[in-house]
Amino acid sequence: MKGTALDILKQQLKDSPDLVCQPFLIDGRTCTLFYIPSIVDQAMLQKNIARFLLAESRTGSWDAFRRNLQQGTAFPVVYHAISDPEEAPVLVVQGKAVLHVDQTDDFYYFDTVQYQKRSIAESQNELVVTGPQEAFIEDIQSNLSLLRHKIRHPKLKMKEYTIGEYTNTLVYVVYIEGMPKNEVLAEIDSKLQSLSIDGIFGIGYVVEHFKESSTPFPIFQYTERPDAVAASLLEGRVCILMDGAPNAVIAPVTLFSLLQASEDYFQSPFAASWIRMVRFAFSLLSILLPSLYVAITTFHPQVLPAHLLITIASARERIPFSALTEALLMELTFEALREAGMRIPKPVGQTVSIIGGIVIGQAAVQAGIVSAPMVIVVSITGVASYIIPHLELGLIFRMLRFPFLILGGSMGLIGIFAGTFVLYAHLVHLRSFGAPYLQPVAPLVLSDWKDTLLRLSSPLMNKRSSAFSRIRHRRR
Amino acid sequence: MKTILLKIGLIAIILCSITGCWSKVELDQRIFVNGLFVDVGEEPGTVKVSISTPLTNRLDSDQLSGGGGGKDKPYSLITKQSTSIGKALEYIHKDLSRQLSLSEIKVVMISEQYGEEGIGDLLEWIKREPDVPIGAYLLVASGKLDDAAHLTPIFEQLPTTVLLSFATQGYMLNTTIRDCIVADAAGLGYAATLLQNDKIHSAADAHKSETWTGIKGAALFQQGRLKGTLPYEEAKTIAWAHGHLKFPIYSVQWDHGKSKADLKFTYTNGKTSVRMTPNGPVFTVHLKGRASIIAKKDASHRDVKDISGTIMNQMRETVSEDFRKSIAYSQQIGADVLQLGFLLEWNAPQYWQQVKGKWPEHYKKDAEVRVVTKLSLDDYGKEY
Amino acid sequence: MTSNNNWRLARFAFVYFNSQASIFLIPELVSTSSYQGIAGIVFGSLLGFIILFYVVYVGKLQPASSWVTFGNRIMGKGIHGAFVVMLLAWTVYYASYDIQSFVLFFGTNYLKGTPPWFIQLVISLVILYVVQLGARTLVYMSEGLFLLIFATTLLITYFYAENANVHMLPAFFRYFDLPTFFSNTMATFSVVSEWVVFLFLAPEFTFGKGTFAKLAVASVGNSLVLLSGWMFTLLNFSPHYAKQIQYPFLEIIRGKIDDGLLENSAPFLIGVWTASMLIHCSFLIYAGTKCMSYFTKGKGEGIIVPSLTLVSAGIAFYYTYHLSAYQKHYFSIITVLVWIFIELIPLYYGIVAMLRIRSKKWWSEQS
């Protein structure tokens, strides 16, 4: 059925004005090169493919050319035969150059993919002072090259998957052989194999399909830094990278790994330990502070020292709302400000933040709509919620503030205790790919404490975490 | 099924809680009582209860930082009488626009008269009422309790701050309600700071006179009744024996009053111990202290280093004499203010079993209390 | 990994017993012990080791399966069934005591005006959620709480020690009479010997070599907490006043009126103790659930947990409106005897097993 596959290709790719069909006449027979110029490396194509085809078209013999082609020696670059001719149009739109041999169903393709991409940028969201500044970009090959630059060992393995009916996105699962627990790899593999969706544009699309239990807490860790990924791989974790997204996803996670920042490893152990403890304390505050304030002022004022109590009581004198209503109002306003702040264009940003601060903060207090201690509490909470390095976790903590606020405002401290206990139970029960979410606190693994609340110096951290790795012996 | 039930339960709780928050009282609907004043009522069998509270509606944050200026006083005193303390508080409460909060009581002050009738009811009420802190300090007012309650705080914002400082600063005793309850339960006695009132001219306005309250001495109790009082110098030694006296100053004289010196104690401590003898228990009270000389006038113009021995001897004499007088008085009225009965209970249980029924009598007649002073000089002040 | 497992069980034991030892037992002891509690506490704890020994022995007989399943092979179906029913009733009743004591404690001191049924409802919902998460989660939760409880115990000891009158110490060694000693021993024993519920940790957690030693360490820790709590209560209040106090710890906190944040932090320490109490209560209901599923052959756990929690809460609700009945039952000698009878269950099984099991093949012969 000569030409049928070619017809199929032309039929599937019609109405694509950016398709180029470049014919070459070799010894009376035609070879056509199909490609889309905007997504192929034109220089490489001209130099390594077109030039040789042109040379053959001038002097070559068809049989010799055909033989070379089949042996794989016709061009100085690697090319492959396409087994199923129906794949040919897919490969063309994926940026490969496809060569069709006249009067046959033989197709060959060259790996000439080159998308528009930006250069390796600085990390925007995970800043460090000392330490590498580079971050992942959208191009998967660049990302993999950054990783390979960090880990230069044959045991670094990558498994490739193609996900998405229409996007055919490349997804790579990267790990160091022998280190991750088997169930992690098995679960990721089976999920990715069975995934059938229209398309994915961010790694989040993939990640959402992994959530087994209904929990708001993230069971993956996002990062845009190759050094963070490399360090996680060495801990025995697995990383998922996607073509088209500048984030990598790491699994499994524990709550404490989500509260760590890359900066911790580039500073001295004392400073890093101190910052970690501050971070941890403020993460707790970001959930509990408003509810504690409301519960204490309405149900248990004896907790406050006498002088502070008088100060707060006098500040609340003229306020028309109850403490709970006041807190809810301020918190919701803060959330609105935060959300608006994300969309404000840069030139106007400064002005609006001043308005937010002065109008809402000071004017509301002076007008007697909210009390000054409440503004302080809400501001500290707001600051505390941004101390969390992982964005999604910070969002969840911000979200959890509200149920706790209602619990504290309606039941007092017992509501907060009950809520905290239930949250604690939920977190202890949660597993991220088999790793207990609150390890090493619950279950208690003392040897892992060297890198949880404290960050001891490198020579002392000589065992991998049992939550992630199968191998626990010396790693340094 | 489980999760649905749980979710329904949670929604139910939230709905319930929004409809009626039973224990919820906003801060601006509370009155915090700082001081409680208890006196005998005008009719026999009644008590007169006053509460001293700060007025948060007058305590603006500007005023707080600037100090208690302005015409309006940021505190108030409300008084009512009834048959019991609880009832009196109810009468006070019904006339108020806010809820009374008793958890901030710092000072409980009684009049001498009320103390003589017995403070058992007061202690019983405090034991049962869960809000009232048993760490509140007990003070006794000689003269009219009303005057003491109306004292003008000149250096502080609230009058109870002044009263609290009498207990905490260490110039006299820091008896808490807890100490009273513990001593009462064991059938022993205790001593509390005694205050007196005065009228002074106001610094701001010479025509106005204000009430000034100060320490007069100590009031001695046995089994909940006030038995007697001690003047300031002698009461100091009782406080010293309790280990709670700060920076007492003593004047000593020698050479028949021609020479004198003042000493200020930088460290004081007291301890009691007991030793059983065939004649009964012998209690020893150890008074320790280190002093520095702050003034000296010697008739013979000797150097301090030459007369320090004399000074210290006089010092020991003065302190011991004061202590002997106070203990003798406490024995005379049968008030075991140093809780020496406990020492017997802990160290000589069999003897205590015999005497505990009639301990005040035994304390009056049989107990021998000795004092041992261990005083030394820290320094001679700035001069040689 | 086994030694890790043993220390895990020890931490769980410490947290499990902590609420009973530190808050509930002390008023009871203080009301009767006068100056001589030390002997009773020490002796009661030592007796508790006997129970612990038999619990570990019975647990080790078949580490991979739970006592409810293999117990009938030791005692016979009828007797074993009877014991399971008794244990079921006991766990539910004990859980109701927990709930009611907590409601009384919290309600009278911090939430006056709130109807007790509301607090009971909240507690029941929390327990309902936690029990169905399983034994493994409960044990892991207690591990996380362990450090917190350890730190707060130290803090509480500091509070206790501030106003303690150390001159009272000689009195502890000068008083002794047998009836008081006996009643103290029994009271302590009935609380520290609650090891029977540990049989329900299998099969998630197994008893093996060294389990007895590590659990004994936890028991000693609890006894120390109990001893220091009792001692400091007395040193602060003297036995005459102490025996009138319902909640000594609260009185200590109320005795401080200095203006510091630390001194005013009592409710948070109570929160930590509440967590220990909730673990205790949840594990009791969990044990009850396992007892019930023995009869239903493992089915219907979704219904059993809510119903048992409801029954517990119901009993607590009854006691709320019959307060004097609650006080009478709680402090009666019959309660102590019933408790001791149930807690001796591992002893019965252990002794019978020791007599009957002659060889390792006995188990396969039985089935």
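The rules behind each value
Residues numbered from 1 in each chain as written. Chains lettered and ligands numbered in written order. Predicted model: local features only at pLDDT ≥ 70, side-chain atom pairs only at ≥ 80, totals over all residues. Helix = DSSP H or I, 4+ residues; strand = E, 2+ residues; numbered from the N terminus. Rg over C-alpha atoms; globule rule 2.2 N^0.38 Å. Buried ≥ 20, exposed ≤ 12 C-beta atoms within 10 Å, placed from the backbone. Contact = placed C-beta atoms within 7 Å. Nonpolar A, V, L, I, M, F, W, Y, C, P; charged D, E, K, R; others polar. Pairing = 2+ DSSP bridges. Axes fitted to C-alpha atoms, helices over the stretch in contact; angles between N-to-C directions. Core = buried A, V, L, I, M, F, W, Y, C linked by C-beta atoms within 7 Å. Arc of directions from axis to C-beta. Domains from an automatic or database assignment. Expected span 1.5 Å × (residues − 1). Parallel < 35°, antiparallel > 145°, perpendicular 65-115°, else oblique. Left-handed = near helix turned anticlockwise from the far one by under 90°.

Engineer: Before we go on, may I ask you to explain the overall build of chain C in this structure?
Structural biologist: Regarding its fold elements, chain C presents 15 helices and 0 strands. Computed over C-alpha atoms, the radius of gyration of chain C comes to 21 Å, within 12% of the 21 Å expected from 2.2 N^0.38 for 367 residues, which places it in the range of a compact globule. On the principal axes, the C-alpha backbone points of chain C span a range of 70 × 45 × 40 Å. Residues classed as buried in chain C amount to 52% of the 367 residues present. For chain C, the share of sequence-separated contacts (at least 6 apart) that also reach a separation of at least 24 residues comes to 89%.

Engineer: So what exactly am I meant to see when it comes to the interface of chain B and chain A here?
Structural biologist: Interface size is commonly expressed as the accessible area that is lost once the parts come together. Contacts between the two partners involve 22 residues from chain B, matched on the other side by 21 residues from chain A. Counting only elements with at least two residues in the side of chain B that touches chain A, the list comes to helix 1 (2–19), strand 1 (30–32) and helix 2 (61–66) of chain B. Per element, the largest residue contribution to the side of chain B that touches chain A is 3 residues, and it comes from helix 1 of chain B. When its residues are assigned to classes, the side of chain B that touches chain A shows 9 nonpolar, 7 polar and 6 charged.

Engineer: Would you take a moment to explain the pairing of strand 2 (residues 35–40) of chain B for this structure?
Structural biologist: The two faces of the sheet receive side chains in turn, since in a regular strand these alternate between them. Residues and elements named next belong to chain B. With 6 of its 6 residues buried, strand 2 lies for the most part within the structure. Here strand 2 pairs with strand 3 (residues 47–54) via 6 bridges, running antiparallel. Each bridged residue has a counterpart across the sheet, and for G35 the counterpart in strand 3 is S52. Count of turn residues in the strand 2/strand 3 antiparallel hairpin: 6 residues, of which G45 carries a positive phi of about 85°. Sheet analysis places strand 2 next to strand 6 (residues 107–111), joined by 4 bridges and oriented parallel. Paired with G35 across the two strands is V107, which belongs to strand 6.

Engineer: Can you help me understand the interface of chain A and chain C in this one?
Structural biologist: The interface of chain A with chain C comprises 25 residues on the first partner and 26 residues on the second. Elements that contribute at least two residues to the side of chain A that touches chain C include exactly helix 11 (306–315) and helix 16 (413–429) of chain A. Considering every element that reaches the side of chain A that touches chain C, the biggest residue donor is helix 16 of chain A, with 10 residues. A class-by-class count of the residues in the side of chain A that touches chain C yields 21 nonpolar, 4 polar and no charged.

Engineer: Can you help me understand unusual backbone geometry in this one?
Structural biologist: Keep in mind that most residues, glycine aside, have a negative phi and that most peptide bonds are trans. Following A251(A), the chain continues to P252(A) via a peptide bond in cis, the omega torsion being -10°. Among the structural elements, P252(A) can be located in the loop between strand 10 (248–251) and helix 9 (255–258). A cis geometry characterises the amide bond from Q439(A) onward to P440(A), with omega recorded as 5°. Although it is not a glycine, S238(C) sits at a positive phi angle of roughly 60°. Within the element layout of this structure, S238(C) appears in helix 8 (residues 211–242).

Engineer: Just to check I follow, could you spell out the sheet that holds strand 3 of chain B for this structure?
Structural biologist: Residue and element names in this part refer to chain B. Spatial ordering of the open sheet is given by 4-3-2-6-7-8-9-10, a layout of 8 strands whose pairing is mixed. The open sheet has two edge strands, strand 4 (75–82) and strand 10 (225–231), and neither has a second partner. Across this sheet, the average inter-strand angle for adjacent strands is 30°, counted without regard to direction. The sheet contacts of helix 7 (residues 159–168) involve strand 2, strand 3, strand 4, strand 6, strand 7 (137–141), strand 8 (189–201) and strand 9 (209–222), and relative to strand 7 the element is tilted by about 100°.

Engineer: Quick question: what am I supposed to make of the nonpolar core here?
Structural biologist: Soluble globular proteins tend to pack their nonpolar side chains together in the buried interior. Ranked by internal contacts, the top residues of the largest apolar core, which has 311 residues, are L139(B) and A218(B). Among the elements that line this core, the one with the most residues is helix 10 (residues 266–295) of chain C, at 17 residues. Not counting chain neighbours up to four residues away, the residues in contact with A218(B) comprise M172(B), L173(B), A191(B), A192(B), T193(B), L194(B), T229(B), L230(B), A235(B) and I238(B). Counting residues in each nonpolar core, the second largest holds 27 residues, with F24(A), F65(A), Y79(A) and I82(A) among its members.

Engineer: Which parts of the structure should I look at to understand helix 3 (residues 67–75) of chain C?
Structural biologist: Each turn of an α-helix holds 3.6 residues, which means side chains three or four residues apart point in the same direction. Residues and elements named next belong to chain C. Among the residues making up helix 3, those that are buried are W67, V68, F70, G71 and I74. Mapping the buried residues of helix 3 onto a view down its axis gives an arc of 165°, with all of them on the same face. Buried positions along helix 3 lie against helix 2 (37–61), helix 4 (77–109), helix 10 and helix 14 (345–356). Backbone geometry just downstream of helix 3 places G76 in the positive-phi region, at approximately 95°.

Engineer: Explanation requested: the domain arrangement of chain A in the structure shown.
Structural biologist: Split into domains, chain A comes out as domain 1 (4–110), domain 2 (140–251) and domain 3 (275–436). Computed over C-alpha atoms only, the centres of domain 1 of chain A and domain 3 of chain A are separated by 63 Å.

Engineer: Can you help me understand helix 12 (residues 323–343) of chain A in this one?
Structural biologist: Residue and element names in this part refer to chain A. Compared with an ideal rise of 1.5 Å per residue, which puts 21 residues at 30 Å, helix 12 spans 31 Å between its outermost C-alpha atoms and is within 8% of the ideal. The complete set of buried residues in helix 12 reads A323, L324, E326, A327, M330, E331 and F334. The buried residues of helix 12 occupy one face: seen down the axis, they fall within an arc of 160°. Across helix 12 from its buried face, at more than 90 degrees, point the exposed residues L332, A336, E339, A340 and R343.

Engineer: What exactly am I supposed to notice about the packing of helix 5 (residues 120–128) of chain B against helix 8 (residues 177–185) of chain B here?
Structural biologist: Each pair of packed helices can be described by the angle between their axes along with the distance between the axes. All names here are of chain B. For the pair helix 5 and helix 8, the least separation of the axes is 11 Å and the interaxial angle reads 110°. Classified by the angle between their axes, helix 5 and helix 8 sit roughly perpendicular to one another. Of helix 8, the residues touching helix 5 (which contributes L123, I126 and K127) are I177, C180, I181 and D184. By residue class, the composition of the contact of helix 5 with helix 8 is 5 nonpolar, no polar and 2 charged.

Engineer: What is the right way to read the sheet that holds strand 6 (residues 156–163) of chain A from this model?
Structural biologist: Residue and element names in this part refer to chain A. Strand order in the open sheet formed by 5 strands is 6-7-9-10-8, with antiparallel pairing between adjacent strands. Because the sheet does not close on itself, it has two edges, and the strands there are strand 6 and strand 8 (221–223). The sheet shows a mean angle of 25° between the axes of neighbouring strands, direction not considered. One ladder, built from 4 bridges, connects strand 9 (residues 238–242) with strand 10; its direction is antiparallel. Within strand 10, the residue paired with L241 across the bridge is A248. On the sheet, helix 5 (residues 140–150) packs against strand 7 (169–176) and strand 9 and is oriented at approximately 10° with respect to strand 7.

Engineer: When you look at the environment of S61(A) in this model, what are you seeing that I'm missing?
Structural biologist: Residue and element names in this part refer to chain A. Structurally, S61 can be placed in the loop between helix 2 (42–59) and helix 3 (62–71). Of the residues examined, S61 has 11 C-beta atoms within 10 Å and is grouped as exposed. Considering only alpha carbons, one finds S61 and V422, 361 residues apart in sequence, at a separation of 79 Å.

Engineer: Would you mind showing me how to read the packing of helix 2 of chain C against helix 7 (residues 178–192) of chain C here?
Structural biologist: All names here are of chain C. Here helix 2 crosses helix 7 at 40°, and the two axes come no closer than 7 Å. In this view, helix 2 runs oblique relative to helix 7, as classed from their interaxial angle. By crossing handedness, the relation of helix 2 to helix 7 is classed as right-handed. Contact residues: G37, A39, G40, I41, F43, G44, S45, L47 and G48 in helix 2; F181, N184, T185, T188, F189 and V192 in helix 7. Taken together, the residues of the contact of helix 2 with helix 7 break down into 7 nonpolar, 8 polar and no charged.

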